[in-house]
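Observations on the three-dimensional arrangement
Next come the chains, spelled out residue by residue.
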Amino acid sequence: MDYSVTFARHFSRLVWLLLHETGAIDEQKAALRALVMVSKDGPVIMALKGWRLVVNGVPLPDALTGVQDLAAQLIGHAVKELRVDQAAAAADLLGVARILATEAAPGDSTAVGKRLNALGAKTVHVDDPSAPAAVEQPISAPPISDMIAYTTPSPTTQPWKTNDAGVRTSKPMSVHALESGDAATRSSTPVPVQPNDAPVPARPLGDEGRLLMFSVVPAEGSGVQLFAQIDQARSATIVTRLLDELVTLAESAAREGKADVVTDVFHGLVRREAQAGDSVGGADLKRVYSMAVRRMSKPTLLRAVAQTLPRRKDRAADSMAILSRTGEDGADALIEQLTGAQSLADRRVFFDALVHLNAGVAALIHMLGDARWYVARNAADLLGEMQASDAETPLVEMLKHDDDRVRRAAATALAKLGTPKALHALHTALRDNSPQVRLQAAAGLSARKGQKSAATLAKALDDETDAEVQFAILGALGRLATSDAVQKLVRAAEPDGRLFKKKPVAFRVHAVQALGQAHTPGAMAALKSLVNDKEKEVREAVLLAVMQTQRGESS
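Small disclaimer: the values here were computed from a predicted structure and weren't measured. (Residues numbered from 1 in each chain as written. Predicted model: local features only at pLDDT ≥ 70, side-chain atom pairs only at ≥ 80, totals over all residues. Heavy atoms only, no water.)

1. Digging into the packing of helix α21 (residues 420–429) against helix α22 (residues 435–446)
In the contact formed by α21 and α22, the axes pass within 8 Å of each other and the chain directions differ by 140°. As far as their axial angle goes, α22 and α21 are oblique. Judged by the sense of rotation from one axis to the other, the crossing of α21 with α22 is left-handed. Contacts from L423, L426, H427 and A429 in α21 reach V437, R438, A441, G444 and L445 in α22. Of the residues contributing to the contact of α21 with α22, the split by class is six nonpolar, two polar and one charged. (Axes fitted to C-alpha atoms, helices over the stretch in contact; angles between N-to-C directions. Helix = DSSP H or I, 4+ residues; strand = E, 2+ residues; numbered from the N terminus. Parallel < 35°, antiparallel > 145°, perpendicular 65-115°, else oblique. Left-handed = near helix turned anticlockwise from the far one by under 90°. Contact = heavy atoms within 4.5 Å. Nonpolar A, V, L, I, M, F, W, Y, C, P; charged D, E, K, R; others polar.)

This is the structure:
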């Protein structure tokens, strides 16, 4: 999936959270961290075309979380275009999201630009970037420090320990430790104490500092150790604290490219969540595990899990359990990997995994409109494998695509849907300019018994000029084996008449093979009449068809 689309999804979710889930601080921080990471890949332009949100020229599906809300806020604030520079600052991204999440000022089309100038934003711009600096105060949203206040040491509630030399020897206890009554503290690098234990002077934070403020204290210990402590814990409060550390461990591993660690942690959570209901107090534990799984269900972590599929086939079952548990989010991660895969083998792995999940239909339908032909083709193939009836109309429209490879994939997918509308579209596809599309349409119609399909194929045979497509239609008529189809095959297999153009021998041979496949009394009678045909290839084809028929009857 293109980085700009990924960025827009995270940005839409951040605005949605600020609008509807003001207390979901962890999720807001996760969305912001993801934005900062994706922003490094390149600049992004979000604009409105009509009522649709478009990012770098690609329309976003309204079904994605927050897309409709973001579009509505942009319209309300009279922002036609939002431009984000490559490697945008975290403070700028959070600032513009907060501005857009506020109630719009009626009639003031420059309000957003003024507020961005008041914030000192340098890497985010709206369609009126030249607006003069605003004299008003920045928007009245909680400051960044309030969102992560629990990471700021308080000398009254989180005391430091010092040695005889006046050097701090431990970190303050975490909030979770204070709440649970756990008085244990963690060791840390000694930090000099100010005279009279005065607070350490604050330093101005740059962009990197602001981003770090959204991090929690790194988890200590390995996933194995933390899970061992969880399994021995007897309190949901202690489990919650340990799960926080596990999630932090997984996030750090994802940033360092340690996909196996992410998979280990994620699978451990999913497995324990499934088992929690059978234990004492299982309902409370299951709720705690479910919250941790929800926190883990973010693109960066799911992307790491999906990446292990082609290279760690011994862990495929664990990875699939995670992706299945996370539903549409897991499917989106697979789709992203599928569209970016460099080798055919990797694409096959991601393709099969997505079909197994049978999820992500909305995202795949959106991908049908991708400008890259291979992305649209892959989406059509997947929708066909899933037999996604919701994709019927978009797939029919894909038969008008400029690239015949996409049209062929759409024809294959419609054949697998098998709906009346899909079959009608295949009838039309028999007149496509591309022989490959016509061939695929013929193969699709042969899978659906009925006089209408036989009549359509018979007529198409008369008009067809491509030999390969002719052979495919003959085979399709043999599989249909209706009376009309058999009669058409008999006429195709007959020797030339005086008034007709000479038939190619290969054409007659394929007709004979199709009669053998039809295996009706009329077809068998026609084969016997051709035993002494003057063409050697035809006689050999007749004998082979009869022998195969007899062998099938005896078995």
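2. What to know about the packing of aromatic side chains
Inspection of every chain in the model, using the stated rule, returns two aromatic pairs. Relative to Y374, the ring of W373 lies with its centre 6.0 Å away and its plane at 90°, an arrangement referred to as edge-to-face. A cation over a ring is seen here: R405 above W373, with NZ or CZ 3.6 Å from the ring centre. (Phe/Tyr/Trp six-rings, centres within 6.5 Å; stacked < 30°, edge-to-face > 60°. Lys NZ or Arg CZ within 6 Å of the ring centre and 35° of its normal.)

3. Some points on the sheet that holds strand β1 (residues 44–49)
Strand order across the open sheet formed by five strands is β3-β2-β1-β4-β5, with antiparallel pairing between neighbours. Because the sheet does not close on itself, it has two edges, and the strands there are β3 (58–59) and β5 (124–126). In the sheet, strand β2 (residues 52–55) pairs with β3 via two bridges, with the strands oriented antiparallel. Its bridge partner being in β3, V54 is matched across the sheet by P59. (Pairing = 2+ DSSP bridges.)

4. Considering the environment of A380
For A380, the location among the structural elements is in helix α18 (residues 373–386). In this structure the C-alpha to C-alpha distance between A380 and A410, which are 30 residues apart in sequence, comes to 5.6 Å. If we skip the residues at most four places from it in the chain, A380 touches L368, L395, A409, A410 and A413.

5. Some thoughts on the confidence of the model for the protein chain
With 77% of its residues at a pLDDT of 70 or more, the protein chain shows a mean pLDDT of 76. Here helix α7 (residues 175–180) stands out as the element of the protein chain with the lowest mean pLDDT, 32, in contrast to strand β4 (residues 81–84), whose mean of 93 is the highest. Contacts of residues 129–221 to residues separated by more than four positions or lying in other chains number 130 contacts, the stretch itself having pLDDT below 50. (pLDDT = per-residue confidence, 0-100.)

6. Looking at the packing of helix α24 (residues 467–480) against helix α25 (residues 483–493)
Contact pair α24 / α25: the axes reach a minimum separation of 8 Å and the direction vectors enclose 135°. Viewed along their axes, α24 and α25 adopt a mutual orientation that is oblique. Judged by the twist between their axes, the crossing of α24 over α25 is left-handed. Residues L474, L477 and G478 of α24 touch α25, and the partners they reach there are A485, K488, L489 and A492.

7. Comments concerning unusual backbone geometry
Phi is positive for A87, which is not a glycine, with a value near 55°. Note on placement: A87 falls in the loop between β4 and α4 (90–100). Phi is positive for A481, which is not a glycine, with a value near 55°. Along the chain, the position of A481 falls in the loop between α24 and α25. With relative accessibility at 24%, the residue A481 sits in the partly exposed group. (Buried < 20%, exposed > 50% of the residue type's maximum accessible area, 1.4 Å probe, protein only.)

8. Quick word on the side chain of E27
With respect to the secondary-structure elements, E27 resides in helix α2 (residues 25–39). For E27, a relative accessible area of 18% puts it in the buried group. A polar contact is formed between the side chain of E27 and the side chain of R294, at a distance of 3.3 Å. (Polar contact = N/O pair within 3.5 Å; in protein donor to acceptor, adjacent residues only side chain to side chain.)

9. Examining the environment of I473
Mapped onto the elements, I473 comes out in helix α24. What I473 contacts, discounting residues up to four positions off in sequence, is A442, L457, A460, L461 and E464.

10. What about the pattern of salt bridges?
Taken as a whole, this structure holds 28 salt bridges when the rule is applied. We note a salt bridge from E256 to K258, for which the minimum N-O separation is 3.1 Å. The exposure class of K258 is partly exposed, given its relative accessible area of 44%. One salt bridge connects R348 with D352, and the closest N-O pair in it is separated by 2.7 Å. One end of the pair is R348 and the other is D352, both in helix α16 (residues 344–357) and four residues apart, which spans about a single turn. Overall, the relative accessible area of 39% leaves D352 in the partly exposed class. Overlapping salt bridges bring together D260, R311, R312 and D314 as one network. (Salt bridge = Lys/Arg side-chain N within 4 Å of Asp/Glu carboxyl O.)

11. Structural notes on helix α27 (residues 521–529)
What α27 keeps buried is the set A523, M524, A526 and L527. Along α27, the residues classed as buried sweep out an arc of 160° about the axis, all on the same side. Every exposed residue of α27 that faces more than 90 degrees away from the buried side is listed here: P521, K528 and S529. (Arc of directions from axis to C-beta.)

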